[in-house]
Amino acid sequence: MKKRLRKLAGRYKLIDRVLITPYRSYGTHSHLYIMGRVLDNEPLKITQDANIFKTIKTTYKQFDTFEIPEAQIDLSLPGKVQASTKTDDEGYFLFDDIIEEDLAEYADEEGWLNYDVYYKGPLGKKTELLEDPFKGDFLIPHNQAEYGVISDIDDTILHTGVTSFLKLRLLKNSLLTNAYNRIPLKGAAEFYQKLHKGRNAKLNNPIFYLSNSPWNLYEYLKLFLDHNAFPKGPILLRNFRTPFDGSLKPEKPHKQKEITNILQTYPNLNFILIGDSGEHDASIYTEIAAQFPDRILAIYLRSVKHKKQMNRVLSIIDDFETTPLLMVETSREAVLHAKKHGFI
(Lines give C-alpha, C1' and ligand atoms only; values in the text may rest on other atoms or scores of the structure.)
Protein backbone atom coordinates (compact mmCIF):
# COMPACT_ATOMS: atom_id res chain seq x y z
CA MET A 1 0.00 0.00 0.00
CA LYS A 2 2.86 2.40 0.80
CA LYS A 3 4.32 1.77 -2.62
CA ARG A 4 0.94 2.40 -4.24
CA LEU A 5 0.63 5.72 -2.41
CA ARG A 6 4.13 6.70 -3.47
CA LYS A 7 3.21 5.97 -7.06
CA LEU A 8 0.01 8.00 -6.86
CA ALA A 9 2.04 10.84 -5.42
CA GLY A 10 4.17 10.92 -8.54
CA ARG A 11 7.00 8.36 -8.80
CA TYR A 12 9.16 6.94 -6.10
CA LYS A 13 11.94 8.34 -4.07
CA LEU A 14 12.31 4.98 -2.40
CA ILE A 15 12.96 1.84 -4.45
CA ASP A 16 12.52 -1.49 -2.68
CA ARG A 17 13.95 -3.81 -5.35
CA VAL A 18 15.10 -3.76 -8.95
CA LEU A 19 13.82 -6.28 -11.49
CA ILE A 20 15.04 -6.06 -15.08
CA THR A 21 13.31 -8.14 -17.75
CA PRO A 22 15.26 -8.17 -21.02
CA TYR A 23 12.98 -9.19 -23.91
CA ARG A 24 14.04 -11.72 -26.52
CA SER A 25 14.86 -9.53 -29.47
CA TYR A 26 16.84 -9.59 -32.71
CA GLY A 27 19.66 -7.83 -34.51
CA THR A 28 22.51 -8.30 -36.97
CA HIS A 29 26.26 -8.73 -36.67
CA SER A 30 26.57 -4.93 -36.43
CA HIS A 31 23.14 -3.72 -35.28
CA LEU A 32 21.96 -3.93 -31.70
CA TYR A 33 18.22 -3.88 -31.05
CA ILE A 34 17.58 -4.88 -27.44
CA MET A 35 14.50 -4.01 -25.41
CA GLY A 36 13.53 -4.57 -21.80
CA ARG A 37 11.81 -3.11 -18.77
CA VAL A 38 12.89 -2.07 -15.27
CA LEU A 39 10.43 -2.42 -12.41
CA ASP A 40 10.29 -2.24 -8.64
CA ASN A 41 8.50 -5.60 -8.52
CA GLU A 42 9.05 -9.15 -7.36
CA PRO A 43 9.84 -11.72 -10.09
CA LEU A 44 6.72 -13.28 -11.58
CA LYS A 45 6.19 -16.84 -10.32
CA ILE A 46 3.97 -18.99 -12.54
CA THR A 47 3.74 -22.50 -11.10
CA GLN A 48 2.30 -25.53 -12.83
CA ASP A 49 0.12 -26.54 -9.86
CA ALA A 50 -1.36 -23.08 -9.21
CA ASN A 51 -5.08 -23.01 -8.41
CA ILE A 52 -7.50 -20.43 -9.83
CA PHE A 53 -6.91 -17.99 -6.96
CA LYS A 54 -3.12 -18.05 -7.38
CA THR A 55 -3.57 -17.66 -11.14
CA ILE A 56 -5.74 -14.57 -10.67
CA LYS A 57 -3.17 -13.17 -8.22
CA THR A 58 -0.37 -13.77 -10.73
CA THR A 59 -2.40 -12.12 -13.50
CA TYR A 60 -2.98 -9.09 -11.30
CA LYS A 61 0.75 -8.84 -10.58
CA GLN A 62 1.54 -8.77 -14.31
CA PHE A 63 -0.37 -5.50 -14.62
CA ASP A 64 0.32 -4.05 -11.17
CA THR A 65 3.68 -2.64 -12.22
CA PHE A 66 5.90 -0.12 -10.42
CA GLU A 67 8.08 1.39 -13.13
CA ILE A 68 11.49 2.88 -12.47
CA PRO A 69 11.85 5.85 -14.83
CA GLU A 70 15.06 7.65 -15.79
CA ALA A 71 17.19 4.73 -14.62
CA GLN A 72 20.62 4.25 -16.16
CA ILE A 73 21.06 0.80 -17.73
CA ASP A 74 24.45 -0.46 -18.95
CA LEU A 75 24.84 -3.24 -21.50
CA SER A 76 27.85 -5.55 -21.87
CA LEU A 77 28.33 -7.91 -24.80
CA PRO A 78 31.14 -10.26 -25.89
CA GLY A 79 33.91 -8.52 -27.78
CA LYS A 80 34.08 -5.82 -25.11
CA VAL A 81 31.06 -4.02 -26.55
CA GLN A 82 29.57 -1.59 -24.03
CA ALA A 83 26.49 0.64 -24.27
CA SER A 84 24.35 2.74 -21.94
CA THR A 85 20.81 4.09 -22.01
CA LYS A 86 18.01 5.27 -19.72
CA THR A 87 14.49 4.04 -19.10
CA ASP A 88 11.45 6.05 -20.16
CA ASP A 89 8.50 7.01 -17.96
CA GLU A 90 7.09 3.46 -18.17
CA GLY A 91 10.38 1.79 -17.28
CA TYR A 92 11.16 0.59 -20.82
CA PHE A 93 14.66 0.78 -22.26
CA LEU A 94 15.97 0.30 -25.78
CA PHE A 95 19.44 -0.21 -27.20
CA ASP A 96 19.27 0.58 -30.91
CA ASP A 97 22.90 1.04 -31.97
CA ILE A 98 25.22 0.41 -34.90
CA ILE A 99 28.55 -1.05 -33.78
CA GLU A 100 31.83 -2.02 -35.45
CA GLU A 101 32.33 -5.38 -33.72
CA ASP A 102 31.14 -8.54 -35.56
CA LEU A 103 28.74 -9.91 -32.95
CA ALA A 104 27.90 -13.00 -35.02
CA GLU A 105 31.27 -14.47 -33.99
CA TYR A 106 29.98 -14.82 -30.43
CA ALA A 107 26.55 -16.32 -31.19
CA ASP A 108 25.71 -20.00 -30.68
CA GLU A 109 24.84 -22.38 -33.53
CA GLU A 110 21.24 -21.11 -33.65
CA GLY A 111 22.32 -17.47 -33.65
CA TRP A 112 21.62 -16.54 -30.02
CA LEU A 113 23.99 -14.12 -28.31
CA ASN A 114 24.07 -13.71 -24.52
CA TYR A 115 24.56 -10.34 -22.86
CA ASP A 116 24.62 -8.75 -19.39
CA VAL A 117 22.52 -5.82 -18.23
CA TYR A 118 23.56 -3.72 -15.22
CA TYR A 119 21.35 -1.39 -13.20
CA LYS A 120 23.19 1.83 -12.34
CA GLY A 121 20.65 3.78 -10.39
CA PRO A 122 18.88 5.41 -8.79
CA LEU A 123 19.46 3.34 -5.66
CA GLY A 124 18.38 3.68 -2.06
CA LYS A 125 20.16 2.44 1.04
CA LYS A 126 17.86 -0.59 1.22
CA THR A 127 17.33 -1.20 -2.50
CA GLU A 128 17.75 -4.87 -3.41
CA LEU A 129 19.19 -5.81 -6.81
CA LEU A 130 17.47 -9.09 -7.62
CA GLU A 131 20.34 -9.95 -9.99
CA ASP A 132 23.64 -8.32 -10.81
CA PRO A 133 24.01 -8.52 -13.73
CA PHE A 134 20.69 -9.47 -15.30
CA LYS A 135 20.99 -11.89 -18.23
CA GLY A 136 19.44 -11.63 -21.68
CA ASP A 137 19.93 -12.85 -25.23
CA PHE A 138 19.07 -11.73 -28.73
CA LEU A 139 19.03 -13.39 -32.13
CA ILE A 140 21.40 -12.88 -35.03
CA PRO A 141 20.02 -15.13 -37.81
CA HIS A 142 22.59 -17.46 -39.34
CA ASN A 143 23.93 -16.41 -42.73
CA GLN A 144 22.95 -19.85 -44.07
CA ALA A 145 19.29 -19.45 -43.10
CA GLU A 146 17.01 -20.50 -45.96
CA TYR A 147 14.18 -18.17 -44.90
CA GLY A 148 12.57 -16.69 -41.81
CA VAL A 149 9.12 -17.19 -40.29
CA ILE A 150 6.98 -14.43 -38.77
CA SER A 151 4.03 -15.80 -36.82
CA ASP A 152 1.10 -14.41 -34.93
CA ILE A 153 0.43 -16.00 -31.54
CA ASP A 154 -3.24 -15.44 -30.69
CA ASP A 155 -5.48 -18.11 -32.29
CA THR A 156 -2.60 -19.04 -34.60
CA ILE A 157 -0.62 -21.23 -32.23
CA LEU A 158 -2.52 -20.57 -29.00
CA HIS A 159 -6.27 -20.98 -28.40
CA THR A 160 -7.31 -17.46 -27.40
CA GLY A 161 -10.88 -16.70 -28.46
CA VAL A 162 -10.16 -13.24 -29.81
CA THR A 163 -13.31 -13.36 -31.95
CA SER A 164 -15.62 -14.46 -29.13
CA PHE A 165 -18.62 -12.37 -28.06
CA LEU A 166 -17.37 -9.31 -26.17
CA LYS A 167 -14.02 -11.14 -26.18
CA LEU A 168 -15.16 -13.00 -23.05
CA ARG A 169 -13.30 -16.19 -24.00
CA LEU A 170 -10.20 -14.10 -24.68
CA LEU A 171 -10.36 -12.61 -21.19
CA LYS A 172 -10.90 -16.02 -19.60
CA ASN A 173 -8.06 -17.68 -21.49
CA SER A 174 -5.54 -14.86 -21.13
CA LEU A 175 -6.27 -13.72 -17.59
CA LEU A 176 -7.76 -16.69 -15.74
CA THR A 177 -5.90 -19.68 -17.18
CA ASN A 178 -2.46 -20.82 -16.06
CA ALA A 179 0.19 -20.63 -18.82
CA TYR A 180 1.01 -24.30 -18.24
CA ASN A 181 -2.61 -25.20 -18.93
CA ARG A 182 -2.97 -23.25 -22.16
CA ILE A 183 -3.45 -25.62 -25.09
CA PRO A 184 -1.47 -25.01 -28.28
CA LEU A 185 -3.23 -25.66 -31.56
CA LYS A 186 -2.68 -29.29 -32.53
CA GLY A 187 0.51 -29.91 -34.47
CA ALA A 188 1.60 -26.25 -34.40
CA ALA A 189 4.84 -26.77 -32.45
CA GLU A 190 5.87 -29.68 -34.69
CA PHE A 191 5.17 -27.61 -37.83
CA TYR A 192 7.24 -24.70 -36.53
CA GLN A 193 10.11 -27.04 -35.66
CA LYS A 194 10.06 -28.33 -39.24
CA LEU A 195 10.18 -24.76 -40.56
CA HIS A 196 12.99 -23.97 -38.13
CA LYS A 197 15.02 -26.84 -39.60
CA GLY A 198 13.97 -26.17 -43.21
CA ARG A 199 15.25 -28.32 -46.05
CA ASN A 200 18.78 -28.72 -44.71
CA ALA A 201 17.64 -30.10 -41.33
CA LYS A 202 19.71 -27.49 -39.48
CA LEU A 203 18.32 -25.15 -36.83
CA ASN A 204 19.06 -22.07 -38.92
CA ASN A 205 15.73 -20.54 -39.92
CA PRO A 206 14.69 -17.79 -37.46
CA ILE A 207 11.17 -17.69 -36.01
CA PHE A 208 9.66 -14.36 -34.89
CA TYR A 209 6.53 -14.29 -32.71
CA LEU A 210 4.09 -11.35 -32.88
CA SER A 211 1.12 -10.49 -30.71
CA ASN A 212 -1.08 -7.51 -29.96
CA SER A 213 -0.84 -8.51 -26.30
CA PRO A 214 0.87 -5.98 -24.00
CA TRP A 215 4.43 -6.45 -22.74
CA ASN A 216 2.90 -7.22 -19.34
CA LEU A 217 2.19 -10.74 -20.69
CA TYR A 218 5.73 -11.33 -21.94
CA GLU A 219 6.79 -13.82 -19.24
CA TYR A 220 3.45 -15.63 -19.59
CA LEU A 221 3.77 -16.05 -23.36
CA LYS A 222 7.48 -16.95 -23.19
CA LEU A 223 6.66 -19.69 -20.70
CA PHE A 224 3.87 -21.00 -22.96
CA LEU A 225 6.17 -21.14 -26.01
CA ASP A 226 9.03 -22.81 -24.13
CA HIS A 227 6.80 -25.28 -22.26
CA ASN A 228 5.19 -26.45 -25.50
CA ALA A 229 8.50 -26.86 -27.38
CA PHE A 230 8.07 -24.10 -29.94
CA PRO A 231 11.37 -22.96 -31.49
CA LYS A 232 13.02 -20.20 -29.51
CA GLY A 233 12.52 -16.82 -31.14
CA PRO A 234 12.13 -13.09 -30.52
CA ILE A 235 8.78 -12.17 -28.93
CA LEU A 236 7.39 -8.84 -30.10
CA LEU A 237 4.51 -7.40 -28.10
CA ARG A 238 3.26 -3.82 -27.69
CA ASN A 239 2.99 -1.14 -25.05
CA PHE A 240 -0.21 -1.21 -23.02
CA ARG A 241 -2.20 1.94 -23.77
CA THR A 242 -4.60 3.20 -21.12
CA PRO A 243 -7.54 5.56 -21.77
CA PHE A 244 -5.41 8.29 -20.20
CA ASP A 245 -2.42 7.75 -22.52
CA GLY A 246 -1.76 11.09 -24.18
CA SER A 247 1.00 9.92 -26.51
CA LEU A 248 0.44 9.82 -30.25
CA LYS A 249 -1.04 6.60 -31.59
CA PRO A 250 1.17 4.71 -34.08
CA GLU A 251 0.39 5.44 -37.72
CA LYS A 252 0.48 1.73 -38.63
CA PRO A 253 -0.84 -1.32 -36.75
CA HIS A 254 1.67 -2.93 -34.41
CA LYS A 255 2.05 -6.12 -36.46
CA GLN A 256 2.53 -4.29 -39.73
CA LYS A 257 5.21 -2.06 -38.23
CA GLU A 258 7.09 -4.99 -36.69
CA ILE A 259 6.98 -7.11 -39.87
CA THR A 260 8.26 -4.18 -41.92
CA ASN A 261 11.10 -3.63 -39.42
CA ILE A 262 12.12 -7.29 -39.65
CA LEU A 263 12.07 -7.27 -43.46
CA GLN A 264 14.18 -4.12 -43.54
CA THR A 265 16.62 -5.50 -40.96
CA TYR A 266 17.26 -8.62 -43.09
CA PRO A 267 17.02 -7.43 -46.72
CA ASN A 268 18.54 -10.66 -48.07
CA LEU A 269 16.18 -13.02 -46.24
CA ASN A 270 12.77 -14.11 -47.49
CA PHE A 271 9.91 -14.91 -45.13
CA ILE A 272 6.84 -17.05 -44.53
CA LEU A 273 3.97 -15.29 -42.73
CA ILE A 274 1.61 -17.24 -40.46
CA GLY A 275 -1.56 -15.85 -38.90
CA ASP A 276 -5.28 -16.46 -38.59
CA SER A 277 -8.51 -15.25 -40.10
CA GLY A 278 -9.84 -13.85 -36.84
CA GLU A 279 -8.71 -10.22 -36.84
CA HIS A 280 -6.58 -8.27 -39.32
CA ASP A 281 -3.82 -10.69 -40.31
CA ALA A 282 -5.23 -11.23 -43.81
CA SER A 283 -5.26 -7.54 -44.70
CA ILE A 284 -1.88 -6.83 -43.05
CA TYR A 285 -0.13 -9.85 -44.59
CA THR A 286 -1.46 -9.28 -48.11
CA GLU A 287 -0.48 -5.62 -47.91
CA ILE A 288 3.03 -6.61 -46.79
CA ALA A 289 3.27 -9.14 -49.64
CA ALA A 290 2.18 -6.49 -52.14
CA GLN A 291 4.81 -4.11 -50.75
CA PHE A 292 7.55 -6.79 -50.79
CA PRO A 293 6.39 -9.14 -53.59
CA ASP A 294 9.73 -10.93 -53.93
CA ARG A 295 10.28 -11.41 -50.20
CA ILE A 296 7.19 -13.33 -49.03
CA LEU A 297 7.36 -17.03 -49.92
CA ALA A 298 3.93 -17.98 -48.58
CA ILE A 299 1.12 -16.91 -46.26
CA TYR A 300 -0.68 -19.38 -44.02
CA LEU A 301 -3.92 -18.29 -42.34
CA ARG A 302 -5.50 -20.57 -39.78
CA SER A 303 -9.26 -20.60 -40.20
CA VAL A 304 -11.23 -19.22 -37.26
CA LYS A 305 -14.85 -20.30 -37.13
CA HIS A 306 -16.46 -16.89 -37.24
CA LYS A 307 -18.81 -16.31 -40.19
CA LYS A 308 -18.54 -12.53 -40.38
CA GLN A 309 -14.76 -12.56 -40.12
CA MET A 310 -14.45 -15.37 -42.66
CA ASN A 311 -16.55 -13.48 -45.20
CA ARG A 312 -14.34 -10.42 -44.76
CA VAL A 313 -11.16 -12.47 -45.12
CA LEU A 314 -12.42 -14.30 -48.20
CA SER A 315 -13.19 -10.97 -49.86
CA ILE A 316 -9.53 -10.01 -49.31
CA ILE A 317 -7.84 -13.22 -50.45
CA ASP A 318 -10.11 -14.37 -53.31
CA ASP A 319 -8.27 -12.36 -55.98
CA PHE A 320 -4.88 -12.28 -54.26
CA GLU A 321 -2.20 -13.78 -56.49
CA THR A 322 1.01 -12.03 -55.38
CA THR A 323 2.25 -14.99 -53.33
CA PRO A 324 0.90 -18.45 -52.38
CA LEU A 325 -1.78 -18.03 -49.70
CA LEU A 326 -3.40 -20.98 -47.98
CA MET A 327 -6.32 -21.00 -45.56
CA VAL A 328 -5.83 -24.03 -43.31
CA GLU A 329 -7.99 -25.88 -40.82
CA THR A 330 -5.13 -27.99 -39.43
CA SER A 331 -1.36 -27.87 -39.18
CA ARG A 332 -1.21 -30.98 -41.38
CA GLU A 333 -2.53 -28.98 -44.34
CA ALA A 334 0.22 -26.42 -43.85
CA VAL A 335 2.86 -29.17 -43.57
CA LEU A 336 1.76 -30.73 -46.86
CA HIS A 337 1.82 -27.35 -48.61
CA ALA A 338 5.27 -26.54 -47.16
CA LYS A 339 6.62 -29.91 -48.39
CA LYS A 340 5.13 -29.36 -51.85
CA HIS A 341 6.85 -25.98 -52.15
CA GLY A 342 10.17 -27.25 -50.80
CA PHE A 343 10.17 -25.27 -47.54
CA ILE A 344 10.66 -28.39 -45.43
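Note that the structure is a prediction, hence the values are computed from the model and not measured.

(A) Highlighting the overall build of the protein. Within the protein, the secondary structure is distributed over 9 helices and 15 strands. A buried classification covers 52% of the 344 residues belonging to the protein. Within the protein, counting contacts between residues at least 6 apart in sequence, those at least 24 apart form 72% of the total.

(B) Local environment of the side chain of Glu 67. Looking at where Glu 67 falls in the secondary structure, it is placed in the loop between α2 (52-63) and β4 (72-77). Side chain to side chain, Glu 67 and Arg 37 meet in a polar contact 3.4 Å long. A distance of 2.8 Å separates polar atoms of two side chains, one belonging to Glu 67 and the other to Thr 65.

(C) Seen up close, the pairing of strand β9 (residues 134-139). Across the 6 residues that make up β9, a large majority, 5, are buried. One ladder, built from 2 bridges, connects strand β2 (residues 25-26) with β9; its direction is parallel. Following the sheet pairing, Ser 25 is matched in β9 by Phe 138. By the bridge criterion, 6 bridges tie strand β7 (residues 112-119) to β9 in an arrangement that is antiparallel. Within β9, the position partnered with Val 117 by the bridge is Phe 134.

(D) Structural context of the packing of helix α6 (residues 254-265) against helix α7 (residues 281-291). Between α6 and α7, the shortest axis-to-axis distance is 10 Å and the interhelical angle comes to 30 degrees. Overall, the two elements α6 and α7 adopt an arrangement that is roughly parallel. Judged by the sense of rotation from one axis to the other, the crossing of α6 with α7 is right-handed. Here Lys 255, Gln 256, Ile 259, Thr 260 and Leu 263 of α6 come into contact with α7, specifically with Asp 281, Ile 284, Tyr 285, Glu 287 and Ile 288. Looking at the contact of α6 with α7, its residues break down into 5 nonpolar, 2 polar and 3 charged.

(E) Structural detail: the sheet that holds strand β1 (residues 17-22). With mixed pairing, the 4 strands of this open sheet are ordered in space as β6-β3-β1-β8. Whereas interior strands pair on both sides, the edge strands pair on one side only; in this sheet they are β6 (92-98) and β8 (128-129).

(F) View of the environment of Pro 324. Topologically, Pro 324 is positioned in the loop between α8 (307-317) and β15 (325-328). Remark: the alpha-carbon pair of Pro 324 and Ala 298, spanning 26 residues in sequence, is separated by 4.9 Å.

(G) Seen up close, the packing of helix α4 (residues 188-197) against helix α9 (residues 331-340). For the pair α4 and α9, the least separation of the axes is 9 Å and the interaxial angle reads 15 degrees. As far as their axial angle goes, α9 and α4 are roughly parallel. The handedness of the crossing between α4 and α9 is left-handed. Taken together, the residues of α9 that come into contact with α4 (itself represented by Ala 188, Phe 191 and Lys 194) are Ser 331, Ala 334, Val 335 and Ala 338. Residue composition of the contact of α4 with α9, by class: 5 nonpolar, 1 polar and 1 charged.

(H) Representation of the side chain of Asp 276 within the structure. Looking at the secondary structure, you find Asp 276 in strand β13 (residues 271-276). There is a polar contact of 3.1 Å between the side chain of Asp 276 and the side chain of Thr 156.

(I) Highlighting a positive patch on the surface. Together, Lys 194, Lys 197, Arg 332 and Lys 339 make up a region of like positive charge exposed at the surface. Sorting the residues of the positive patch by element identifies α4 and α9 as the ones contributing at least two each. Structurally, the position occupied by Lys 339 is in helix α9. Residue classification places Lys 339 among the partly exposed positions, given a relative accessible area of 49%.

(J) Fine view of the nonpolar core. With 37 residues, the main nonpolar core has Ile 157, Phe 191, Phe 230 and Tyr 300 as its most contacted residues. Elements that contribute at least two residues to this core include exactly β3 (31-39), α4, β11 (207-214), α5 (218-227), β12 (235-238), β13, β14 (296-302) and α9. Non-local contacts of Phe 191, meaning those with residues more than four positions away in its chain, are made with Ile 274, Tyr 300, Ala 334, Val 335 and Ala 338.

(K) Structural view of a nonpolar patch on the surface. On the surface, Ile 52, Phe 53 and Ile 56 cluster together into a nonpolar patch covering about 320 Å² of accessible area. The residue Ile 56 is located in helix α2 in this model.

Rules of the game
Residues numbered from 1 in each chain as written. Predicted model: local features only at pLDDT ≥ 70, side-chain atom pairs only at ≥ 80, totals over all residues. Heavy atoms only, no water. Helix = DSSP H or I, 4+ residues; strand = E, 2+ residues; numbered from the N terminus. Buried < 20%, exposed > 50% of the residue type's maximum accessible area, 1.4 Å probe, protein only. Contact = heavy atoms within 4.5 Å. Polar contact = N/O pair within 3.5 Å; in protein donor to acceptor, adjacent residues only side chain to side chain. Pairing = 2+ DSSP bridges. Axes fitted to C-alpha atoms, helices over the stretch in contact; angles between N-to-C directions. Parallel < 35°, antiparallel > 145°, perpendicular 65-115°, else oblique. Left-handed = near helix turned anticlockwise from the far one by under 90°. Nonpolar A, V, L, I, M, F, W, Y, C, P; charged D, E, K, R; others polar. Patch = residues over 30% accessible without salt bridge, like charges linked within 9 Å, V, L, I, M, F, W, Y side chains within 5 Å. Areas by Shrake-Rupley, 256 points an atom, 1.4 Å probe, with all protein chains shown as cover. Salt bridge = Lys/Arg side-chain N within 4 Å of Asp/Glu carboxyl O. Lys, Arg positive; Asp, Glu negative; His and termini not counted. Charge placed at Lys NZ, Arg CZ, Asp CG, Glu CD. Core = buried A, V, L, I, M, F, W, Y, C linked by side-chain atoms within 4.5 Å.

Read these as spatial facts, not as claims about activity.
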